[in-house]
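Geometric and topological summary
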Amino acid sequence: MAAPCRRMAGRSLLQFLSSFSRTSVNNSGFRQISSTSVCRRSWQAQHVEESASSPWTLMAAVCLQRLPVISAESSPIEQQFRDMMSQMEQEKSMLSDHELRLLDDADRIRRMQTGEYDSDEEDDRRDQEIVLAQDLEDSWDQKLKNFQPAPRVTAADGDPRSLQRRLADSLLLLVEQPVGGQKVWLLPQTQWQQGETLRETAERALTSLPAAAGFKAMFLGNTPCGVYKYKLPKAARTESSVGTKVFFFKAVLADAGPPAAPDSPLMWVTKSELQHHLKPAYMMKVERFLLGL
Amino acid sequence: MTAVFRKVSVTQKAFVLNQALTSCRATPSIQHPVWASVNERQYKSMPTHGIGRWRHLLPKEPPKKKRDRQQMKEIVAETNTTYATLNVNVSGYDMTVVEHFSQYIHNLCNRLGVKVMDCYALPTKSTEVWLMQEQGTKMLVDSILKTHNRVVQLRSLNATVCPIFLEVLLKNQPEGVQLSVQEHTEADFKARFKGRPELEGLKAKISH
């Protein structure tokens, strides 16, 4: 392809800083992903005017993914192995400070009850602490009982528009866009314009979605991860347009903003659900670059 | 056969000379030009002498200097298709998880053909957590949290590999671990060294 390749080679790379953290799950249920772009090098508008334009229309699409929020479920073998390893480690381990303290306290109480206890003869811990280790452990157990972890499988799992569905999987954004007269479910795409890079086109594709207002995405790179070629049916072909080429760019969702309305034309699907919504030829190209992790 | 005879005659000669020398110590004028040192071992004249020598075949190495001060590895500049030197920083509270994830990143780079320039650890930072006691205003030390940091430095990440690489890292990121990708600067390198207060004091004195 003449146009986009030369463009990509001419444009200097974007220097980026990005940080991803996966500690706390805040209300929106996302990882904190922040990226700052350090001096996007000035785009050199070099030989932009190309005399021979190709007959293909160029479009860029964004493959926006919401990463999993909670850990993936373990298979039965993994669970068994985990149990066995924790049992082995516990049997081989040494007593911790807290457990030693428990034993000391129990020992002291037993000696106190025999009657021949002389507190002056205690070797260490002259200033006996009032709080026994057993009491501490009881208070901790109480706190644990009061803690209720959130359920892994929520009611939002069935709603394709909710971002809180399928917390253990990564979700892909699909929108319904009119293509060639009919409405089709596909990755958000838009046409490339002169004077912008394909990545900028992809970013525009995301921001121009009316339903996706407030989506903050971080693009993972300047290079596309996949391409889909579509030749128009013979009847519609002209000299200047033989078909379209769609370049896909990967992005990771950082922030969703306000929840979408129930009738908005967007959907969050997992990889396994993709085939029900996408056209087969398109699906073949898309699933090549989707990691099934 | 001639070799054997030669050896025999040589030994005989040496024996004779030895005796001669010991007997006539007082006559140093006797020169033995053929035998520079009588104690030469006999098998050095064997045709196979030195058959196992190999060190003379190695290229000459410059003599090793004493250990230099740590020089900074050159920061690779950014080109049209690759990024500059990048630091992938993995940090978290659980050291085993952090170290295993940094090992995973290193192995992934090896497999994907991304060149790893350096792989080091930054000093651990300790955070003390003080809890307020329920009754009273005394603060009680609850725990000490240590934040561990591991850095994998990539030489020149290709732009085509970058999205795949980052996505694999993100999807395999374990719980409780922060991942951060930054460009490597000289300030980062200098931050690894310990400060030298005496040197700075002396420098300040000189400048005054």
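Residues numbered from 1 in each chain as written. Chains lettered and ligands numbered in written order. Predicted model: local features only at pLDDT ≥ 70, side-chain atom pairs only at ≥ 80, totals over all residues. Heavy atoms only, no water.

Where we set the bar: UniProt positions are given in the numbering used here, feature names are shortened, and annotations may be inferred rather than shown by experiment.
In the nomenclature of an unreviewed UniProt entry, chain A corresponds to Large ribosomal subunit protein mL46 from the organism Eleginops maclovinus. Chain A has a UniProt comment under Sequence similarities (unreviewed entry) that states "Belongs to the mitochondrion-specific ribosomal protein mL46 family." For the record of chain A, the UniProt heading Subcellular location (unreviewed entry) holds the text "Mitochondrion".

1. With respect to the overall build of chain B
Test applied: Helix and strand definitions follow DSSP, with helices as H or I runs of at least four residues and strands as E runs of at least two, each counted in order from the N terminus. By definition, residues are in contact when any of their heavy atoms lie within 4.5 Å. Residue exposure ignores everything except the shown protein chains as possible cover, and the areas themselves are Shrake-Rupley values with a 1.4 Å probe.
Scanning chain B from N- to C-terminus turns up five helices and four strands. Moving toward the C terminus, one meets the helices and strands of chain B in the order α-β-α-β-β-α-β-α-α. For chain B, contacts bridging at least 24 residues in sequence account for 71% of all contacts bridging at least 6. Total accessible area on chain B stands at roughly 15700 Å², and carbon and sulfur atoms take up 58% of it.

2. Section: the packing of aromatic side chains
As a reminder of what qualifies: Two aromatic rings from Phe, Tyr or Trp, using only the six-membered ring of Trp, form a pair when their centres are within 6.5 Å; if the ring planes differ by under 30 degrees the pair is stacked, by over 60 it is edge-to-face, and anything between is tilted. Exposure is judged per residue with a 1.4 Å probe applied to protein chains only, and the accessible area is read against the type maximum: over 50% gives exposed, under 20% gives buried, and values in between give partly exposed.
For the structure shown, the criterion picks out six aromatic pairs over all chains. The interplanar angle of 40° and the centroid separation of 5.1 Å between the aromatic rings of F248(A) and F289(A) together place this pair among those described as tilted. Highlighted residues: F248(A) in strand 9 (residues 243–255) and F289(A) in helix 6 (residues 280–289), separated in sequence by 41 residues. Among the residues examined, F289(A) registers a relative accessible area of 7% and is labelled buried. Ring centres 5.2 Å apart and planes at 85° place the aromatic pair F189(B) and F193(B) in the edge-to-face group. Since its relative accessible area comes to 41%, F193(B) is described here as partly exposed. In this structure an aromatic cluster arises from ring pairing among Y228(A), F248(A), Y282(A) and F289(A).

3. Focus: the environment of I33(A)
All names here are of chain A. Relative to the elements of secondary structure, I33 occurs in strand 2 (residues 32–38). On the basis of relative accessible area, I33 is assigned to the buried category, the value being 12%. A C-alpha to C-alpha distance of 8.0 Å links I33 and L253, two positions 220 residues apart in sequence.

4. Observations regarding the confidence of the model for chain A
All names here are of chain A. Applied cut-off: The pLDDT value expresses, per residue, how confident the predictor is, ranging between 0 and 100.
For chain A, the mean per-residue pLDDT works out to 78, and 77% of the residues sit at or above 70. This stretch, residues 1–16, has a pLDDT under 50; its non-local contacts, to residues over four places away or in other chains, come to 60 contacts. In the predicted structure, residues 38–51 sits below a pLDDT of 50 and forms 25 contacts with residues beyond four places in sequence or in another chain.

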